Amino acid sequence: QVQLVESGGGLAQAGGSLRLSCAASGSIVSIDAMAWYRQAPGRQRELVARATSGGSTDYADSVKGRFTGSRDNAENTVYLQMERLKPEDTAVYYCNVFVTVVSGLTYSYWGQGTQVTVSS
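So, a few notes on the structure that sits alongside this text. Predicted, not measured: the structure shown is a model, and the values here were computed from it.

**Structural notes on the sheet that holds strand β8 (residues 77-82)**
Hydrogen bonds between backbone atoms are what pair the strands of a sheet, whose relative direction is either parallel or antiparallel.
Then, in step 1: Sheet architecture is open: 4 strands sit in the order β1-β3-β8-β7, paired in antiparallel fashion. The open sheet terminates on both sides in strands that have one partner only, identified here as β1 (2-7) and β7 (67-72). The average undirected angle you get between the axes of adjacent strands in this sheet is 15°.
Then, in step 2: Pairing analysis gives 6 bridges linking β7 to β8, with the strands arranged antiparallel. Within β8, the residue paired with Gly-69 across the bridge is Leu-80.

**Concerning the environment of Arg-71**
Then, in step 1: Within the element layout of this structure, Arg-71 appears in strand β7.
Then, in step 2: Take Arg-71: its relative accessible area is 26%, and that puts it in the partly exposed class.
Then, in step 3: Once the C-alpha coordinates of Arg-71 and Ala-33 are considered, the two residues, 38 residues apart in sequence, prove to be 9.9 Å apart.
Then, in step 4: There is a polar contact of 2.2 Å between the side chain of Arg-71 and the backbone oxygen of Ile-31.

**So, the nonpolar core**
Then, in step 1: Formed by 31 residues in total, the largest nonpolar core has its most connected members in Leu-80, Met-82 and Tyr-93.
Then, in step 2: Breaking this core down by element, the ones donating at least two residues are β1, β3 (18-26), β4 (28-39), β5 (46-52), β8, β9 (91-101) and β11 (114-119).
Then, in step 3: Counting residues per element, this core draws most heavily on β9, at 6 residues.

About the criteria used
- Residues numbered from 1 in each chain as written.
- Predicted model: local features only at pLDDT ≥ 70, side-chain atom pairs only at ≥ 80, totals over all residues.
- Heavy atoms only, no water.
- Pairing = 2+ DSSP bridges.
- Helix = DSSP H or I, 4+ residues; strand = E, 2+ residues; numbered from the N terminus.
- Axes fitted to C-alpha atoms, helices over the stretch in contact; angles between N-to-C directions.
- Buried < 20%, exposed > 50% of the residue type's maximum accessible area, 1.4 Å probe, protein only.
- Polar contact = N/O pair within 3.5 Å; in protein donor to acceptor, adjacent residues only side chain to side chain.
- Core = buried A, V, L, I, M, F, W, Y, C linked by side-chain atoms within 4.5 Å.

Take a look at the structure:
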């Protein structure tokens, strides 16, 4: 069993920064891929950033150049550094990781979501 715990959300002013963390624990062999999504009120969940184990990361056009995804393999933690925040970044942010467990199988897990609110 794998658990994901997100943290780092909160209130920021426009132009400010926040860093989200998503820590995985349990019977983990490796985190193979990670992604961050967000969902604003009344809108569909959208992909913010997606990285593969090969090291490349794709970003939504709306956050490109402002958000950076990263990972700490030793800590089984993925991060989303958000810079120059805008009010339209306000949403609940979710991490999604693909984890290989001790059985050798790979599963997709979701974090519980963390609220990010950006004031103008």
